[in-house]
Amino acid sequence: FDVLYFGNDRQSDRNKVLDSYFKKDLDLRKRWIGYIPKNYPNITTSPYLLREELIKNLNKSYSTFVVGDLHHYNNIKTVRFFESLMTDMIAFVHGPFDGGNFIQNPELRNYIIVNNIKELTEKLNIYKNDEPLFRKILKLQKDEVQRICGKYKLPFKLQKEEKLIIKKEVVKKPKPLF
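Residues numbered from 1 in each chain as written. Predicted model: local features only at pLDDT ≥ 70, side-chain atom pairs only at ≥ 80, totals over all residues. Heavy atoms only, no water.

Chemist: What should I look at first to understand the pattern of salt bridges in this one?
Modeler: A pair can form between side chains of opposite charge whenever their charged atoms are brought close. Enumeration over the complete set of coordinates arrives at eleven salt bridges. The closest approach of N and O atoms between Glu107 and Lys136, which form a salt bridge, is 2.5 Å. Taken as a pair, Glu107 in helix α4 (residues 106–112) and Lys136 in helix α6 (residues 131–151) lie far apart in primary sequence, 29 residues in all. For Glu107, a relative accessible area of 33% puts it in the partly exposed group. (Salt bridge = Lys/Arg side-chain N within 4 Å of Asp/Glu carboxyl O. Helix = DSSP H or I, 4+ residues; strand = E, 2+ residues; numbered from the N terminus. Buried < 20%, exposed > 50% of the residue type's maximum accessible area, 1.4 Å probe, protein only.)

Here it is in structure tokens:
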């Protein structure tokens, strides 16, 4: 698949953004897990998957799409944001969702921030045909997750194999992130 989205149907502004990108798109091969939109062309859907099954399916696409409800814009990022950046997919991020520049690496921002379907499709077509660039972007994504986790002292680190591990330390009364 070209793009995978995993999430639920909140019947909110997030759905409007997804529709504005993908409802009329005839080119991308889409896979949606959980949220099953109506009348999207070239789409394969499946109901919610348990976490282990979801993880097995996440890396079967070139990219994923990160968007949130309006109350997440310029605010704390959801777990989905981090899950997406840690996959072996390019995590395209809807520009206004990261309007506060949560992703600070300018090179990574240039690669993954998109504002419309045309921009997403053009970038994806370049990345799909340039394996070294594709791998570079994946590394930049994982480095950015590591930077964010370090900045906020979150108990995560990426190993050399680029797999997420959770430190076994228990942190009592964690401080707020913001």
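Chemist: Would you mind going over the confidence of the model for the protein with me for this structure?
Modeler: Atom-level detail of predicted coordinates should not be read off regions where pLDDT is low. Looking at the protein, pLDDT values average 80 and 79% of them are 70 or higher. When mean pLDDT is compared element by element in the protein, helix α5 (residues 117–128) scores highest at 97, while strand β8 (residues 164–166) scores lowest at 36. Overall, residues 159–178 carries pLDDT values under 50, and its contacts beyond four positions in sequence, including any with other chains, amount to 22 contacts. (pLDDT = per-residue confidence, 0-100. Contact = heavy atoms within 4.5 Å.)

Chemist: Before we go on, may I ask you to explain the sheet that holds strand β3 (residues 43–46) in this structure?
Modeler: Spatial ordering of the open sheet is given by β3-β2-β1-β4-β5-β6, a layout of six strands whose pairing is parallel. Bordering the open sheet on either side are β3 and β6 (113–114), each of which pairs with just one other strand. Two elements, strand β4 (residues 63–66) and strand β5 (residues 90–94), share four bridges in a ladder whose sense is parallel. By the bridge assignment for β5, Phe65 is matched with Phe92. Along the sheet, helix α2 (residues 51–58) makes contact with β1 (3–7) and β2 (30–34), crossing β1 at roughly 165 degrees. (Pairing = 2+ DSSP bridges. Axes fitted to C-alpha atoms, helices over the stretch in contact; angles between N-to-C directions.)

Chemist: What is the right way to look at α6 in this model?
Modeler: Taking 1.5 Å of rise per residue, the 21 residues of α6 would be expected to cover 30 Å, and the 30 Å separating its terminal C-alpha atoms lies within 8% of that figure. Among the residues of α6, Leu133, Phe134, Ile137, Leu138, Leu140, Gln141, Lys142, Glu144, Val145, Ile148 and Cys149 are the ones counted as buried. (Expected span 1.5 Å × (residues − 1).)

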